[in-house]
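Next come the chains, spelled out residue by residue.
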Amino acid sequence: MLNKLFNFKALKLKWHQLYYVLAVIDILTILAALFLTQTLMNNYESSVKENRKMSLIVSEFIKLGYIAQSVNEPGNRIFDTKDVVSETTALEQNKLWFDTAFNHAQRNIHESFSTEQSSKINLYMQQIQQHMELMVNKSYLIFSAIKKEDLTSAGENMAAMDSYYYQVTQTIGDASQYIADIQNIYFEQQIAKTKEIKRYEIGISVIVFLIIGFVTVYGHKLGKKLKANAIEIEKALVDAQQSAKAKEMFLANMSHEIRTPMNAILGMLKLVDNKDLSKDNANYLNIASSSAENLLVIINDILNLSKSDNNQFELEELPFNICQLVDAQIALYRHTNTEQNITLLCDTSQVSKPWLKGDYNRLLQVINNLLNNAFKFTEQGEIKVIIS
């Protein structure tokens, strides 16, 4: 069963690719967990915020109930005090206090609830305001009847005033209960969201558990494979070291075999006395000597591959004349490419300082490569070398 489950060769997945996939899944799992945690925190903060707003609205309605009682008191107290002026002043002050609190509560309702909820609460607010106005009007009628000493009319108006006061407090209670119902519904929604998030968290935990089990089992198999690979790598390393040693021995043996005839050729060319040669033959002799020296440099580079492999390759810093170097190579290519219908030109008129310091042989190789490519990709016409 496990062999079928972990047969990754059939899926053509390499072990590092598999771990990349697992790493991506792990990152996504962490991001999902962070997102869920942030969502929980947002729900909590939102719940606290909404609860605070609704509690403030409810407290404002409770405050309206207390103020409504204060507005109702002058109409009842007048029967004892018989002071119409003082009770009228008290009524007006309490009514102003009620209107201020009423307007403040109404503004908070528009800011704290949806349009539909605000419309329903505004109906309660309108009823409260209407009953309050009727209650205040009855208070003024009571004051007028007391002033006329019409106790019968004053008593009837007091009963009506108390009835409107009851309707005000009843409507305030209904509005407070409606807000409490909204608060309970909101809390139930938040609880449902929290439960849903918890289900996701359980799912993430299961995924993490499966990943850990999967990595454990596969890591065990991979460890065995890596151990076998380490043995193969060690064997391959031994073979490579033996091969490198054999290459060094070969180069050491070939060094003498190749350099000896080349040095002999150079020696023979130098023994030739070019004083008795014609100008053309002397030029040919110089070209042959220069070419032999270049070939010896190339042979030395090939034989010193071990140095370049070990990053021990060094450039020389010797003085040389750039114009002479280029002219010599131009002359060589003019004689060796006479069959092609190509004119080879050289312009050194822009050179202000012909003597330079650097690796003469490396620069010579670069010039040779450029000229070889130029002749290779030119069928006819001219090739012009400009030194500046």
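Here we summarise the structure given alongside this text. Not measured: the values here are computed from a predicted model.

Here is what the cut-offs are and how they apply
Residues numbered from 1 in each chain as written. Predicted model: local features only at pLDDT ≥ 70, side-chain atom pairs only at ≥ 80, totals over all residues. Heavy atoms only, no water. Helix = DSSP H or I, 4+ residues; strand = E, 2+ residues; numbered from the N terminus. Buried < 20%, exposed > 50% of the residue type's maximum accessible area, 1.4 Å probe, protein only. Contact = heavy atoms within 4.5 Å. Areas by Shrake-Rupley, 256 points an atom, 1.4 Å probe, with all protein chains shown as cover. Axes fitted to C-alpha atoms, helices over the stretch in contact; angles between N-to-C directions. Parallel < 35°, antiparallel > 145°, perpendicular 65-115°, else oblique. Expected span 1.5 Å × (residues − 1).

Thoughts on the overall build of the protein
Right, so step 1: On a plain count of helices and strands, the protein comes out with 10 helices and four strands.
Right, so step 2: Taking all 388 residues of the protein together, the buried fraction comes to 30%.
Right, so step 3: Within the protein, contacts between residues at least 6 apart in sequence are counted, and of these 82% link residues at least 24 apart.
Right, so step 4: Counting only carbon and sulfur atoms, one obtains 58% of the accessible surface of the protein, whose full area is about 25,900 Å².

Some words on the packing of helix α4 (residues 84–112) against helix α5 (residues 115–147)
Relative placement of two packed helices is described by the angle separating their axes and the distance separating the axes.
Right, so step 1: Where α4 contacts α5, the axes come no closer than 11 Å and their chain directions differ by 175°. With respect to each other, α4 and α5 are oriented roughly antiparallel.

Some details on helix α10 (residues 360–376)
Right, so step 1: With 17 residues, α10 should cover 24 Å at 1.5 Å per step; its first-to-last C-alpha distance of 24 Å lies within 8% of that length.
Right, so step 2: Buried within α10 are the following residues: R362, L364, I367, N368, L371 and F375.

Considering the environment of A288
Right, so step 1: Examined against the element boundaries, A288 turns out to sit in helix α7 (residues 279–303).
Right, so step 2: The sequence separation of A288 and L332 amounts to 44 residues, and the corresponding C-alpha distance is 8.6 Å.

Re unusual backbone geometry
Right, so step 1: Positioned with a positive phi, K82 is a non-glycine residue whose angle comes to about 60°.
Right, so step 2: Tracing the backbone through its elements, the reader meets K82 in the loop between α3 (15–81) and α4.
Right, so step 3: Its relative accessible area of 48% is what places K82 among the partly exposed residues.
Right, so step 4: Backbone geometry places E149, a non-glycine residue, at a positive phi of 60°.
Right, so step 5: Along the chain, the position of E149 falls in the loop between α5 and α6 (151–271).

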